[in-house]
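Summary of the model geometry
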Amino acid sequence: MSKKTPQAIRGTQDIFGADAEAFAFVVETFERVRRLYRFRRVEMPVFEKTEVFARSLGETTDVVSKEMYSFDDRGGESLTLRPEFTAGIARAFLTNGWQQHAPLKVATHGPLFRYERPQKGRYRQFHQIDAEVIGAGEPQADVELLAIADQLLKELGIHDVTLHLNTLGDGASREAWRAALIDYFRAVKGELSEESQERLEKNPLRILDSKDPRDKPFLADAPKIDAFLSEEASAFFAAVTSGLDAAGVKWVRAESLVRGLDYYRHTAFEFIPDEGSASAAALGSQSTVLGGGRYDGLMESLGGAPTPAVGWAAGIERLAMLVGAREEEPADLIIVVEDDARVGEAIGLIGDVRRAGFTAELVASGSPRKRYDKAVKRGADVILSLRAEMGRGITTDNPEADVLGVLGAYR
RNA sequence: GCGAUCAUAGCUCAGCUGGUUAGAGCGCCGGUUUGUGGUACCGGAGGUCGUGGGUUCGAGCCCCAUUGGUCGCCCCA
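Our subject in this report is the structure included herewith. (Residues numbered from 1 in each chain as written. Chains lettered and ligands numbered in written order. Predicted model: local features only at pLDDT ≥ 70, side-chain atom pairs only at ≥ 80, totals over all residues. Heavy atoms only, no water.)

A word on empty space enclosed by the protein
Evaluated as defined, the whole model comprises 1 cavity of 30 Å³ or more. By volume, the largest cavity amounts to about 40 Å³. In this structure, the largest cavity is lined by Met44, Pro45, Glu48, Phe53, Arg82, Glu84, Phe85 and Gly88. Tallied by class, the residues present in the lining of the largest cavity amount to 4 nonpolar, 1 polar and 3 charged. (1 Å grid on protein atoms, 1.4 Å probe; cavity = no way out; pocket = protein on both sides within 12 Å on 5 of 7 lines; lining within 4 Å. Points joined across faces, edges and corners; volume = space filled by probe spheres on them. Nonpolar A, V, L, I, M, F, W, Y, C, P; charged D, E, K, R; others polar.)

See below:
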């Protein structure tokens, strides 16, 4: 490595070849499925004023307090590279008068940035697909949002992940549950892991997620959200689950599934690989492939009117890992110029072929004698070789290939 | 922020307990062979062994630091 060449930034990736094809397959499939459900495409800025994230995610969250790429621009304003989509979309909903379109179903995808230690399925610049339904307070919105997620995963060929579903209740239910959890765990604080002792102050719901063996004995008897649900909240959850059943979306109840961000209410969910499955092995410790929930409280934190909303996001890199490497498609035609005098002829011909809608590649460099072999290695339906002597220069394993029609005179 | 582990050619790796000019396969470039053919052979380019210090008569190999990769904790998609 030359001293003069700068290295790529830690946690960024240069995606190429079969991996890039897998990435593109995820995005293309998402675009197709999103149209099926009539989610509207939106393009969002990659950066926002820092307060957009600070206010919506909460100053104390890990994301805001230590994972954001924030900087002052030349005018002295603090800006931040988006660490997630939802806050920016909520801001746009308020500043652009998108209320008039409510309930608004939108979808987007693109890069996000988080200053974290990279590991399997986790990067500093990563990419997500994202779907949100804004201004819809009824459980049917949750159901539709989960149905699109479920169909997307199936169309990607991912069948060994399951929807883990929970409810956090409405604001009052959630607060009562939270208080009960704090009481419960505080009583045994000394026996909890260091992490959980800290979580007790910052984010007590997260203790339920703990993998530490010291915490495990206390988890089973911890207070359950179901005991604190208001009548409305529990009716809401029942409507979501029966809607999922009607839609044919398989799910399991996950009582310890919580969200780190405070703005979540009611439905919370993650699609997680089944234990022992190929997808579980492919993802390592980053088990969640798609996650989200209802965030009825968010708009108010940004100064808007109370607005119900649900959404999810999924990591494209993680989905691409489950899809597996995909080979680039071979060309319909490769033209090999074995005689440099015929390069002009080749350029004209390949233009005709491409305008006719076929994929075509030209091999006209390197040792003329090795060009044909190079073409064979790359692979194509049809290889046309232009040599010094005239004569048949076409080889194909597929005599029915449509591209042969364009090549009439060369047969 | 914490921990583990790795870093030799474009790629995948070898390099014995530290000992002369650092190797292989693949790939790349050129040539020969074959001549409708993913063949075989010959040759070539390409490495200050991630970087910087140190120990030693001598370091790719040992020590320290640093950067980066990989994996885990935290957190999260």
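So, the protein's contact with RNA strand B
Surrounding RNA strand B, one finds 41 residues, the nearest of these being Arg114, Arg122, Arg199, Arg206 and Arg387. Taking the atoms of RNA strand B that fall within 4 Å of the protein, sugar and phosphate contribute 49% of them. Gln119 places a side-chain nitrogen or oxygen 3.3 Å from a base nitrogen of RNA strand B. In the environment of RNA strand B, a base nitrogen lies 3.5 Å from a nitrogen or oxygen atom belonging to the backbone of Gly121. Listed by contribution, the elements that provide at least two residues to the surface near RNA strand B are strand 6 (125-134), helix 7 (194-202), strand 11 (309-315) and helix 14 (368-378). At 6 residues, helix 14 tops the list of elements feeding residues into the surface near RNA strand B. Among the residues forming the surface near RNA strand B, the class breakdown is 6 nonpolar, 14 polar and 21 charged. (Near = heavy atom within 4 Å. Polar contact = N/O pair within 3.5 Å; in protein donor to acceptor, adjacent residues only side chain to side chain. Helix = DSSP H or I, 4+ residues; strand = E, 2+ residues; numbered from the N terminus.)

Some words on the packing of aromatic side chains
Geometrically, a pair of aromatic rings is defined through the distance of the ring centres and the angle of the planes. One pass over the structure, following the stated rule, counts 6 aromatic pairs. Geometrically, the ring pair formed by Tyr184 and Phe185 is edge-to-face, given 5.0 Å between the ring centres and 75 degrees between the ring planes. The exposure class of Tyr184 is partly exposed, given its relative accessible area of 23%. Joined through ring pairs, the aromatic side chains of Tyr263, Tyr264 and Tyr295 make up one cluster. Arg124 extends its terminal NZ or CZ atom over the ring of Tyr115, reaching a point 3.9 Å from the ring centre. (Phe/Tyr/Trp six-rings, centres within 6.5 Å; stacked < 30°, edge-to-face > 60°. Buried < 20%, exposed > 50% of the residue type's maximum accessible area, 1.4 Å probe, protein only. Lys NZ or Arg CZ within 6 Å of the ring centre and 35° of its normal.)

Points about unusual backbone geometry
Pro103 follows Ala102 through a cis peptide bond whose omega is -5 degrees. As for its placement among the helices and strands, Pro103 is situated in the loop between helix 4 (86-95) and strand 5 (104-113). Look at Arg38: it is not a glycine, yet its phi comes out positive at around 60 degrees. Relative to the elements of secondary structure, Arg38 occurs in the loop between helix 1 (17-36) and strand 1 (40-41). Phi at His266 is positive, roughly 55 degrees, even though this residue is not glycine. You can see His266 is positioned in strand 9 (residues 265-273). Note on His266: relative accessible area 10%, which makes it buried.

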